[in-house]
Amino acid sequence: MQLDSHIKTLTEFANSHLDGSDDDQFITLKLEHSLKVLENAEQIIAGEGMTGDEADLCRLAALYHDIGRFPQFKKYKTFRDRESVNHARLGVLTLRGLPLPGALPAGHWKIVRLAVAMHNAKAIRPTIPAALVAPVMVVRDADKLDIFRVILEHFSNDPPSSSAVTLNLVNEPDDYSEAVYQAVMNAGLCDYHDMRYVNDFKLLLVSWLYSLHYQTSLSLAKARNYPEQLFSLLPDDDKIRRLRDTIYPLLHYKDSRPS
Ligand SMILES: [Fe+2]
């Protein structure tokens, strides 16, 4: 597979949405994110020993996973799906309409499109077809790993640079929602609808540490110090310390489980 020609295709498609305005930064941000997700996917593929078609499908799904972001932003001027369109579904439609390089069997493109469609689903049913598991899970892990990077860079700016990243949540340094805290504490999934404060969003990211599918992904998150960085951005109170003391041993256990 000629990955370079696919990278060129996505880059040209993204750049066709530039119009010389201030909004160009958002297009560039999403192109950069797509390429970083591909890089993360390469590390997961290598760490998990994936090869051949399976590895190639993971690469393509990673590269194209957010292709819907470009037409979404052009039309609606927002990345908020609830106020515009499900960008994963729009990504599938975009892929269908785009001339793509190389001769990939139709069945393979279908797998890539399904992985794109599922990349932002809250949870994945364990009954999905076996051929879909790697492309879907590699993309979801690789995407989460890059979102950690984007968010942590964002919060390290003082004041944080743009509300586009934090979805216009309330920034009260000491506040977070009990429902979100309890969900994370119980290793459950957070509901975006419960999120009210910026700290809730950070707690959501803590919950993602649990939901990384591959051991390689968790190792990458730990090697990049994402858990420590996340906790350093949360309030320093008893409940958050209890959460940290609960989560660290679990992360260590997950990391040392036999594969
Ligand atoms: Fe996405």
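**Quick notes on the coordination of the iron ion**
Next, step 1: Only D66 (OD), H87 (NE2) and H119 (NE2) from the protein coordinate the iron ion, and they sit 2.1 to 2.3 Å from it.
Next, step 2: Read N to C, the donor residues that coordinate the iron ion are spaced as D-x20-H-x31-H. Note that H87 is positioned in helix α5 (residues 87–97) and H119 in the loop between α6 (106–118) and α7 (130–156), a separation of 32 residues in sequence. Side by side, H87 and H119 carry an identical accessibility label, which is buried.

**Looking at the packing of aromatic side chains**
Next, step 1: Across all of its chains, the model carries nine aromatic pairs by this definition.
Next, step 2: For the pair F73 and F79, a centre-to-centre distance of 4.9 Å together with 40 degrees between the ring planes defines the contact as tilted.
Next, step 3: Residue classification places F73 among the buried residues on the basis of a relative accessible area of 6%.
Next, step 4: Classification of F79 as buried rests on a relative accessible area of 17%.
Next, step 5: When the centroid spacing of 5.8 Å and the interplanar angle of 35 degrees are considered together, the rings of Y176 and Y181 count as tilted.
Next, step 6: Judged by relative accessible area, Y176 falls into the buried class, the value being 13%.
Next, step 7: Owing to a relative accessible area of 2%, Y181 belongs among the buried residues under this scheme.
Next, step 8: Positioned over the ring face of F155 is K202, at 4.6 Å from the centre of the ring.
Next, step 9: Note that K239 overlies the ring of Y181, its terminal NZ or CZ placed 4.7 Å from the centroid.

**Overview of the environment of C58**
Next, step 1: Considering the arrangement of structural elements, one finds C58 in helix α3 (residues 52–64).
Next, step 2: Sequence spacing of C58 and V139 is 81 residues, and the spatial spacing of their C-alpha atoms is 6.8 Å.
Next, step 3: In contact with C58, not counting residues within four places along its chain, are I45, M50, A134, P135, V138 and V139.

**A word on the packing of α3 against α7**
Next, step 1: Between α3 and α7, the least distance of the axes is 8 Å, while the angle of their chain directions is 45 degrees. One element, α3, and the other, α7, form an angle in the oblique class. Seen from above, α3 lies across α7 with right-handed handedness. Packed against α3, whose contacting residues are E54, L57, C58, A61 and A62, the element α7 presents A134, P135, V138 and V139 at the interface.
Next, step 2: Residues of the contact of α3 with α7, tallied by class, amount to eight nonpolar, no polar and one charged.

**A word on the domain arrangement of the chain**
Next, step 1: According to the domain assignment, the chain consists of domain 1 (3–143) and domain 2 (169–256).
Next, step 2: Averaged C-alpha coordinates put domain 1 and domain 2 at centres separated by 26 Å.
Next, step 3: Carbon and sulfur atoms supply 54% of the area that domain 1 and domain 2 bury against each other, a total of about 1100 Å² over both sides.
Next, step 4: Of all residues in domain 1, E48, K122 and D141 give up the largest surface area on contact with domain 2, accounting jointly for 45% of the area buried on that side.
Next, step 5: Linking domain 1 to domain 2 there are zero salt bridges.
Next, step 6: At the boundary of domain 1 with domain 2, the tally comes to five residue pairs in polar contact (both at pLDDT 80 or more).
Next, step 7: The set of elements that each furnish at least two residues to the side of domain 1 that touches domain 2 consists of α2 (24–47) and α7.
Next, step 8: Among the elements that make up the side of domain 1 that touches domain 2, the one with the highest residue count is α7 (five residues).

**Looking at the side chain of R140**
Next, step 1: Within the secondary structure layout, R140 lies in helix α7.
Next, step 2: Despite its burial, R140 remains without a salt bridge, the nearest opposite charge being carried by D141 at 6.5 Å.
Next, step 3: Looking at R140, its side chain comes within polar contact range of the main-chain oxygen of H119, at 3.5 Å.
Next, step 4: Once residues within four sequence positions are removed from consideration, R140 is found in contact with M118, H119, N120, A121, K122, A123 and I124.

Thresholds, definitions, all that
- Residues numbered from 1 in each chain as written.
- Predicted model: local features only at pLDDT ≥ 70, side-chain atom pairs only at ≥ 80, totals over all residues.
- Heavy atoms only, no water.
- Donors = N, O, S within 2.8 Å, 3.2 Å for Na, K, Ca; no water.
- Helix = DSSP H or I, 4+ residues; strand = E, 2+ residues; numbered from the N terminus.
- Buried < 20%, exposed > 50% of the residue type's maximum accessible area, 1.4 Å probe, protein only.
- Phe/Tyr/Trp six-rings, centres within 6.5 Å; stacked < 30°, edge-to-face > 60°.
- Lys NZ or Arg CZ within 6 Å of the ring centre and 35° of its normal.
- Contact = heavy atoms within 4.5 Å.
- Axes fitted to C-alpha atoms, helices over the stretch in contact; angles between N-to-C directions.
- Parallel < 35°, antiparallel > 145°, perpendicular 65-115°, else oblique.
- Left-handed = near helix turned anticlockwise from the far one by under 90°.
- Nonpolar A, V, L, I, M, F, W, Y, C, P; charged D, E, K, R; others polar.
- Domains from an automatic or database assignment.
- Buried area = accessible area lost by both parts, 1.4 Å probe.
- Salt bridge = Lys/Arg side-chain N within 4 Å of Asp/Glu carboxyl O.
- Polar contact = N/O pair within 3.5 Å; in protein donor to acceptor, adjacent residues only side chain to side chain.
- Lys, Arg positive; Asp, Glu negative; His and termini not counted.

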